[in-house]
Amino acid sequence: MKKYYIYFSFVFIFCIFCVSSVFAATLTGVVKYEGEAPKFKEIKMDADPVCLTHHNNPVYPQILLLGEDNAMGNVFVHIVSGQPRGKFPPPDQPVVLNQKGCMYDPHVLGVRVGQALKVLNPDGTLHNVHGLPKENEEFNIAMPKFRKEITRTFDKPEFMFPMKCDVHPWMGAWVSVMDHPFFSVTKEDGKFRIEDLPAGEYEIEAWHEKLGTKKATIVVAEGDTKEVNFSFSKP
Ligand SMILES: [Cu+2]
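Below you will find a few notes about this structure. Quick caveat: nothing in here was measured; it's all calculated off a predicted structure.

Things to note about the overall build of the chain
What the chain contains, in helices and strands, is two helices and 19 strands. Its C-alpha atoms give the chain principal-axis dimensions of about 80 × 45 × 35 Å. Looking at the chain as a whole, 38% of its 235 residues qualify as buried. By sequence separation, contacts in the chain at least 24 residues apart represent 63% of the contacts at least 6 residues apart. With the model as given, the accessible surface of the chain reaches about 13,500 Å², and the carbon-plus-sulfur share is 55%. In the chain, 26 positive and 29 negative side-chain charges are present, and the distance between their average locations comes to 3 Å.

Shown next, in the form of structure tokens:
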């Protein structure tokens, strides 16, 4: 009998620890595009033959990234009000922005205040990394083909500034410098997931570079998993 007491004590103590992380809520959802998608012109990379060598298929602008069933990528979903109090130290790991085949990957990204943004150049050609923030300092860093990576950090929160490459005018990305971890960027499946939200009422915003923003208000209790879906259409 005694060994059962010991066993149950272990289970009880373990569950106190595991439940503490289960208490936080999770927010999930899917972003979709409604209506007929506009057609985009193929990007012509003839100006730089090195870029051309990286592609066997036509390349299109990343403005509207649609997956199966009109699921929508490159949408930035984040909490805009009701943000939990407290300090959220940035992760030690950098956020990576690649310039692969003379295209930014990802096209939309979030980085935390103080977190490193690592920009890679695997292309074997010259790129220049030109960021145009307003709250943070503007930067313009040449990356000749031998300069494979650079790192940049940002000391102020700033929502969505553009990045561009002055060598390849079709290259563009959007960077948001966040002071909290409650954001997510959709990929081609349109899905987002925001975890570890304390119980509360929040206003959630989905942002798209051309189609504007959509908002929703949610209330989550501890341990909830809530689903919120957004849809965008041509204005
Ligand atoms: Cu470039």
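Concerning the environment of L117
Mapped onto the fold, L117 is located in strand β8 (residues 117–120). Once the C-alpha coordinates of L117 and F154 are considered, the two residues, 37 residues apart in sequence, prove to be 8.5 Å apart. Among all residues touching L117, those that are not within four sequence positions of it are V95, L97, L109, V111, I150, T151, R152 and F154.

A word on the coordination of the copper ion
Tetrahedral coordination by four donors places them ideally at 109.5 degrees to one another around the metal; octahedral coordination by six donors ideally gives 90 or 180 degrees. The coordination sphere of the copper ion contains the protein donors H127 (ND1), C165 (SG), H168 (ND1) and M171 (SD), at a distance range of 2.0 to 2.7 Å. Coordination geometry of the copper ion: the four donor atoms subtend angles of 94 to 136° at the metal centre, consistent with an arrangement described as irregular. Going along the chain, you hit the donors of the copper ion in the pattern H-x37-C-x2-H-x2-M. Using a relative accessible area of 1% as the deciding quantity, one classes H168 as buried.

Thresholds applied
- Residues numbered from 1 in each chain as written.
- Predicted model: local features only at pLDDT ≥ 70, side-chain atom pairs only at ≥ 80, totals over all residues.
- Heavy atoms only, no water.
- Helix = DSSP H or I, 4+ residues; strand = E, 2+ residues; numbered from the N terminus.
- Buried < 20%, exposed > 50% of the residue type's maximum accessible area, 1.4 Å probe, protein only.
- Contact = heavy atoms within 4.5 Å.
- Areas by Shrake-Rupley, 256 points an atom, 1.4 Å probe, with all protein chains shown as cover.
- Lys, Arg positive; Asp, Glu negative; His and termini not counted.
- Charge placed at Lys NZ, Arg CZ, Asp CG, Glu CD.
- Donors = N, O, S within 2.8 Å, 3.2 Å for Na, K, Ca; no water.
- Tetrahedral: all angles 85-135°; square planar, octahedral: opposite > 155°, others 65-115°.

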